[in-house]
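For reference, the chains in residue letters:
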Amino acid sequence: MSTLREDAQSLHEQLVPHLPDDCADEYDVDALETLFDSYVNTYRVPRTQAFESVRGHVLKEAGIDTDAFWAAQRDGERGTTDDPLPLAECTTDNEWVTIRAKVVELWEPQHESIHQVGLISDESGRLKFTAWAKSDPPDIEEDTTYTFKDVVVEEYEGSYSVKINSRSEIIEHAHDSEEAVTDVGTMTTTQEGFFVAIQGQSGLIKRCSASDCTRVVTGGECSEHGAADGEFDLRIKAVIDDGRTAQECLFTRGVTEEITEIDLEEAKKMAADTLDFTVVSDRFTDLLIGRRFTVEGPLLGRYLLVDEVGETPERAFSEGYQEAVVELLAEHNYDGPGLTAASIEDLPRSYDVQAGGVGGD
Amino acid sequence: MYRRAVWEATESMATSDSQTRQGATVPDREVAKHVFAAELNEATYTFKTSQDERAPVYLALPTGERANRVCVMGTVTDVEDVGTDDQEYLRVRVVDPTGTFWVYAGQYQHEALKKLKKIQPPEFLTVIGKPRTYKTDDGTINVSLVPEDVGIVDVKTRNSWVFEAARRTLERVGSARETSPKVAALAREQYGHDGSYFAHVAAFALQNLLDGDDSAANLDEETIEERLEEAEAKGYDVDGKKPEQESK
Ligand SMILES: [Zn+2]
């Protein structure tokens, strides 16, 4: 996230052409920074709300012509209704943009101040969007493409989202229109972490064999085509977790065979031997759970669609642990009694983290 | 090829997720914390961050972070059915380099139960699960785990886990005070120490890892048994009885 100083500078840039001459000095960068500081640090305005709050304050106090001001801001924004900005390029905090994207998923708002929240996606990637109730936005629907005119990019801890505000305009596009987004999220994402869950309908599955239907057949039925025998396939739906975030991943047959070293024929044989499909997903769980991998692929809705996977090399310890352990201990400046104690009960009950190395009390 | 994959992915979201869809669909899954048995067993204080009945329950880890879910690993030394005649309830004893922890699985942990039943101790087990605290008859609070996903793993996976758990423990000791100051303060108040002790525990586990390095790949069962006896003797030998009053 930007610093208060940077916020003050970008606000100053926006304001300068509109400030009446007699108060130009009153709102120089230093003054604006002081204002930001008081909003954020004294009046506890959330950091994400500070820019708008301070801007609103100055617009009012300085008597700026707001129509002219907003018109100018929009002229400076990237993307137009004819040529919207790709989502992948929405990477400037507080920037006003016009984008075109399909609503991939709507989530349940966790707070009444939020009207709608979810994921939107175009060919280049996906972004979270938030429509605040106070700006009285129109309802948008899943699977529909919209042009979002005059929305604001927000950055929070390195990830971007867009905010629909009261000045935003939302234009719906018909499913068969030229504007409708068809391919979503071809931009790839990389996630490293430990497999912490292998979800249901992983392993050996059957897919409906009706043409153009790939739905999973459960209990001998396709939800669209009714009773169906189906064709065998392999897949894994899993959660990979790096200790800070959890990401759901989907492995189609190719990458499933690669990571488990079990191919479809072998899986079918396993199931036939035991007359039980779940033997395959159980085996996959044993193979993957608790192991560290890096996966890469496009994001689709909640899922990362894996097209490349590898066990994270430095954690595979093919050369043994010595080097990694020495490095880890050095990183934490540890050379204490934990390394020599014969029993865990001999360890001192505290450790001076700052001093490092000394240990004991 | 790519299009086909996309199609399949989209399809899978349309069908199989319809079951999970009724609930909150915000993908705010709680992450799993790598924790050694020694620390888990001391993490007896739980809290919530909201009044909501469904709000997640967190353990305050003595090293100063919260944990709603953990990723632990160790050697299963005993599996016992402590349920009633018509209701299975498995108690599984798992030993890592720093101590012993207990996993309980009943009818609601169907998948895990099925797998745990097949275990022939000793075997290495990964458990992703939710910690629960419960009061014993004498008033002490014990921590146990309700498993979500379990895997019977090899020694290599077990060793990598020991390394990772040590790394994360050292990280928590070094930085939780800055990165999660509230929980760190809470833990310090509840447990009466700052958790820095677990830096020694992490180092102890790493030492154990190095000791076994050369032979780790082909440890025979006899050696494993010997090691286990040592570890059990050192570890917290709590009397793992069936939780009577599980916290939510
Ligand atoms: Zn079908």
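From a predicted model like this one, the values you see are computed outputs, not experimental measurements. (Residues numbered from 1 in each chain as written. Chains lettered and ligands numbered in written order. Predicted model: local features only at pLDDT ≥ 70, side-chain atom pairs only at ≥ 80, totals over all residues. Heavy atoms only, no water.)

Asker: Help me out: how do you make sense of the nonpolar core in this one?
Answerer: Here is a general trend for soluble globular proteins: nonpolar side chains tend to be buried in one another's company. One finds A:Phe251, B:Phe36 and B:Leu116 to be the most contacted residues of the largest nonpolar core, which totals 99 residues. Counting residues per element, this core draws most heavily on helix H6 (residues 197-211) of chain B, which supplies 10 residues. Lining this core are residues from two domains, each supplying at least three of them: domain 3 (189-313) and domain 4 (320-361) of chain A. Once residues lying within four places of it in the same chain are set aside, the contact partners of B:Phe36 are B:Asp96, B:Thr98, B:Trp161, B:Val162, B:Ala165, B:Ala166, B:Thr169, B:Val201, B:Ala202 and B:Ala205. Residues A:Leu19, A:Val54, A:Leu59 and A:Trp70 belong to the second largest nonpolar core, which totals 25 residues. (Core = buried A, V, L, I, M, F, W, Y, C linked by side-chain atoms within 4.5 Å. Buried < 20%, exposed > 50% of the residue type's maximum accessible area, 1.4 Å probe, protein only. Helix = DSSP H or I, 4+ residues; strand = E, 2+ residues; numbered from the N terminus. Domains from an automatic or database assignment. Contact = heavy atoms within 4.5 Å.)

Asker: In this structure, what is going on with the sheet that holds strand S2 (residues 46-48) of chain B? I would like to understand it.
Answerer: The strands making up a sheet are joined through hydrogen bonds of the backbone, oriented either antiparallel or parallel. Residue and element names in this part refer to chain B. Overall, antiparallel pairing links the three strands, which are arranged S2-S3-S4 in an open sheet. Sheet topology places S2 and strand S4 (66-67) at the edges, where each strand pairs with a single neighbour. Bridge count between S2 and strand S3 (residues 57-60): three bridges; the pairing is antiparallel. Each bridged residue has a counterpart across the sheet, and for Phe 47 the counterpart in S3 is Tyr 58. Across the sheet, helix H5 (residues 181-191) touches S2, S3 and S4, and the angle it forms with S3 is around 65°. (Pairing = 2+ DSSP bridges. Axes fitted to C-alpha atoms, helices over the stretch in contact; angles between N-to-C directions.)

Asker: How should unusual backbone geometry be read in this particular structure?
Answerer: The phi torsion of most residues other than glycine is negative, and most of the peptide bonds are trans. Omega for the bond connecting B:Pro121 with B:Pro122 falls within 30 degrees of zero, at -5°, which places this linkage in the cis form. Within the secondary structure layout, B:Pro122 lies in the loop between helix H3 (110-117) and strand S8 (123-135). We note that A:Gln201 has phi near 60°; this positive angle belongs to a residue other than glycine. Looking at A:Gln201, the relative accessible area reads 25%, which means it is partly exposed. The residue A:Leu275 is not glycine, and still its phi comes out positive at about 55°. Along the polypeptide, A:Leu275 turns up in the loop between helix H6 (264-274) and helix H7 (278-288). With relative accessibility at 80%, the residue A:Leu275 sits in the exposed group.

Asker: When you look at H3(B) in this model, what are you seeing that I'm missing?
Answerer: Along an α-helix, residues three or four positions apart point the same way, because every turn accommodates 3.6 residues. Within the span of H3(B), buried status applies to B:Ala112, B:Leu113, B:Lys115 and B:Leu116. Those residues of H3(B) that are buried are in contact with H7 of chain A together with strand S5 (69-81), strand S6 (90-96), strand S7 (99-105), S8 and strand S9 (141-153) of chain B.

Asker: Before we go on, may I ask you to explain the environment of B:Asp96 in this structure?
Answerer: All names here are of chain B. For Asp 96, the position within the fold is in strand S6. Judged by its relative accessible area of 2%, Asp 96 falls in the buried class. On a C-alpha basis, the gap between Asp 96 and Ala 37 in space is 6.5 Å, while along the polypeptide they are 59 residues apart. For Asp 96, the side chain forms a polar contact with the main-chain nitrogen of Ala 37, separated by 2.8 Å. Polar contacts involving the side chain of Asp 96 include one to the main-chain amide nitrogen of Thr 98, which spans 2.7 Å. (Polar contact = N/O pair within 3.5 Å; in protein donor to acceptor, adjacent residues only side chain to side chain.)

Asker: Explain the pairing of S5(B) here, please?
Answerer: Residues in a regular strand point their side chains to alternate faces of the sheet. All names here are of chain B. Bridge analysis of strand S1 (residues 32-34) against S5 gives three bridges, and the strand direction is parallel. Across the sheet, residue Lys 33 finds its bridge partner in S5, namely Val 70. Two strands pair when backbone bridges link them, and S5 and S8 are joined in this way by seven bridges, in the antiparallel orientation. When the bridges of S8 are listed, Val 70 appears paired with Gly 129.

Asker: Can you help me understand the side chain of A:Ser161 in this one?
Answerer: Checked against the element boundaries, A:Ser161 lands in strand S5 (residues 159-164). Beyond its immediate stretch of four places on either side in the chain, A:Ser161 contacts A:Leu127, A:Lys128, A:Val152, A:Val153 and A:Glu154.

Asker: In this structure, what is going on with helix H9 (residues 322-331) of chain A? I would like to understand it.
Answerer: Among the residues of H9(A), A:Ala324, A:Val325, A:Leu328 and A:Leu329 are the ones counted as buried. The buried residues of H9(A) all sit within an arc of 130° when viewed along its axis, so they share a single face. In this structure, H9(A) carries A:Glu323, A:Glu327, A:Ala330 and A:Glu331 as exposed residues pointing more than 90 degrees from its buried face. In this structure, the buried residues of H9(A) make contact with helix H4 (155-179) and H6 of chain B. Positive backbone phi, approximately 55°, marks A:Asn333, located one or two places after H9(A). (Arc of directions from axis to C-beta.)

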